[in-house]
Amino acid sequence: MICLGIEGTAHTIGVGIVEDVDEKCKVLANVIKMYQPKEGGIHPREAANHHANFIANLVIDAIKKANIDKKEIDLIAFSKGPGLGPCLRTAATAARALSLTLDKPIVGVNHCVAHIEIGRGTTGCEDPVLLYVSGANTQTIAFAEGKYRVFGETLDIGIGNMLDKFGRIIGLEFPCGPKIEKLAEKGDKYIDLPYSIKGMDVAFSGLLTAAEKTVRDKKHRIEDICYSIQETAFAALAEITERAMAHTEKNEVLLGGGVTCNKRLREMVKTMAKERKARFYVPRNDLCVDNGAMIAWNGILMYKSGIKMNIKETTIDQRYRTDMVDVKWR
Ligand code: AMP
Ligand code: MG
């Protein structure tokens, strides 16, 4: 079975084509375009306009890269939520148009669950705790009693948003995470910053405010501030992930989301896993960031488990939580 998936929850519009080969996920194509605001954060309508401009060409490009005929596509999947309304609607509209013109079934996918499933489908892990760290989302997620449940999450802003906001303060361009990572590599002096963990949850706005103040005070190098932000925030993430693993008694940890590209975060979580004698998994980078292949793969799992949607049911849900999905395929 071959599925074309469209991702469009926030800044990225992506089209992925995957094939189910003996229950294994084979990615045939995975192309994305990322909206980059000229200044400030993501403007939902402008991001949606960006997606509308690029989606048709991305579909053509993906089909070409997959080296298939469009008639070979068996299923269309799209990101139903959570995300920004205008962006979600643009992706869903494109998916409906494709489903109707190709006369193929369509399913709406939960974006967060898709991050887990692409990890399970491509890295060999089976029953992990996922540390999902992206722009807007920061959660630890694991499977229990028929659903993916959120064990810990941010109580205020997502880790990526925190990095992007801090980056903007020091004059970096979006996305700032990779640029902060480069600066942090040149830092070595740890500056004390607030470390907020509440139970299994984290919070980052206090850390952001304190880091901003440190910049204004001009007593420290930017490199050392970036280093300290990473050390503090990532240690908190490793800690809540470990707590979720201990609580669920799972011995696999999987990373997902754009911030997963960060080498220091990987190293910290890997060390934690090693100390617990647990296995550590991370998908390749193009499958960690928001992408269409993960939506396509989750679409296949849903469809094969008997989930069908008619066009009227292909609505979007800006607040589609991870634990609202009935995971019939497990
Ligand atoms: P996503 O929403 O999953 O596509 O991820 C986008 C977020 O990942 C943005 O906030 C980026 O700043 C962040 N990001 C991407 N690469 C890195 C990196 N190497 N280190 C830290 N954050 C990153
Ligand atoms: Mg994401």
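Quantities reported herein were computed from a predicted structural model and do not represent experimental measurements.

A.B. asks: I keep staring at the coordination of the magnesium ion (ligand 2) and nothing clicks. Help me out?
C.D. replies: A four-donor tetrahedral metal ideally has 109.5 degree angles, and a six-donor octahedral metal ideally has angles of 90 or 180 degrees. Binding of the magnesium ion (ligand 2) to the protein goes through His111 (NE2), His115 (NE2), Tyr132 (OH) and Asp290 (OD), at separations of 2.1 to 2.4 Å. Along the chain, the residues donating to the magnesium ion (ligand 2) fall in the pattern H-x3-H-x16-Y-x157-D. In this pair, Tyr132 is assigned in strand β6 (residues 129-133) and Asp290 in the loop between α9 (285-288) and α10 (292-304), connecting sequence segments 158 residues apart. Grouping residues by exposure puts Tyr132 and Asp290 together as buried.

A.B. asks: For this particular structure, what's the right way to read the pattern of salt bridges?
C.D. replies: Side chains that carry opposite charge are capable of pairing whenever their charged atoms lie near each other. For the structure on display, the rule yields 19 salt bridges. The residue Arg321 makes a salt bridge to Glu153 at a minimum N-O spacing of 3.5 Å. With a gap of 168 residues between them, Arg321 in the segment after α10 and Glu153 in strand β8 (residues 147-153) connect regions that are remote in the sequence. Taking the relative accessible area as the measure of exposure, Arg321 reaches 35% and is therefore partly exposed. Owing to a relative accessible area of 24%, Glu153 belongs among the partly exposed residues under this scheme. Note that Arg264 and Glu231 form a salt bridge whose closest N and O atoms lie 2.7 Å from each other.

A.B. asks: Any chance you could explain the site of ligand 1 here in plain terms?
C.D. replies: As a structural note, the neighbourhood of ligand 1 is formed by 17 residues, with Asp164, Gly177, Glu181, Gly258 and Asn262 the closest of them. Within the contact set of ligand 1, an oxygen atom lies 3.5 Å away from a backbone nitrogen or oxygen of Val259. Taken by itself ligand 1 offers 500 Å² of open surface, and the protein chains cover 93% of this. In this structure, ligand 1 is accommodated by the largest pocket. For the shell around ligand 1, the elements supplying multiple residues, two or more each, are α4 (159-169) and α5 (177-185).

Rules used throughout
- Residues numbered from 1 in each chain as written.
- Chains lettered and ligands numbered in written order.
- Predicted model: local features only at pLDDT ≥ 70, side-chain atom pairs only at ≥ 80, totals over all residues.
- Heavy atoms only, no water.
- Donors = N, O, S within 2.8 Å, 3.2 Å for Na, K, Ca; no water.
- Helix = DSSP H or I, 4+ residues; strand = E, 2+ residues; numbered from the N terminus.
- Buried < 20%, exposed > 50% of the residue type's maximum accessible area, 1.4 Å probe, protein only.
- Salt bridge = Lys/Arg side-chain N within 4 Å of Asp/Glu carboxyl O.
- Near = heavy atom within 4 Å.
- Polar contact = N/O pair within 3.5 Å; in protein donor to acceptor, adjacent residues only side chain to side chain.
- Areas by Shrake-Rupley, 256 points an atom, 1.4 Å probe, with all protein chains shown as cover.
- 1 Å grid on protein atoms, 1.4 Å probe; cavity = no way out; pocket = protein on both sides within 12 Å on 5 of 7 lines; lining within 4 Å.
- Sits in = over half its atoms within 2 Å of the grid points.

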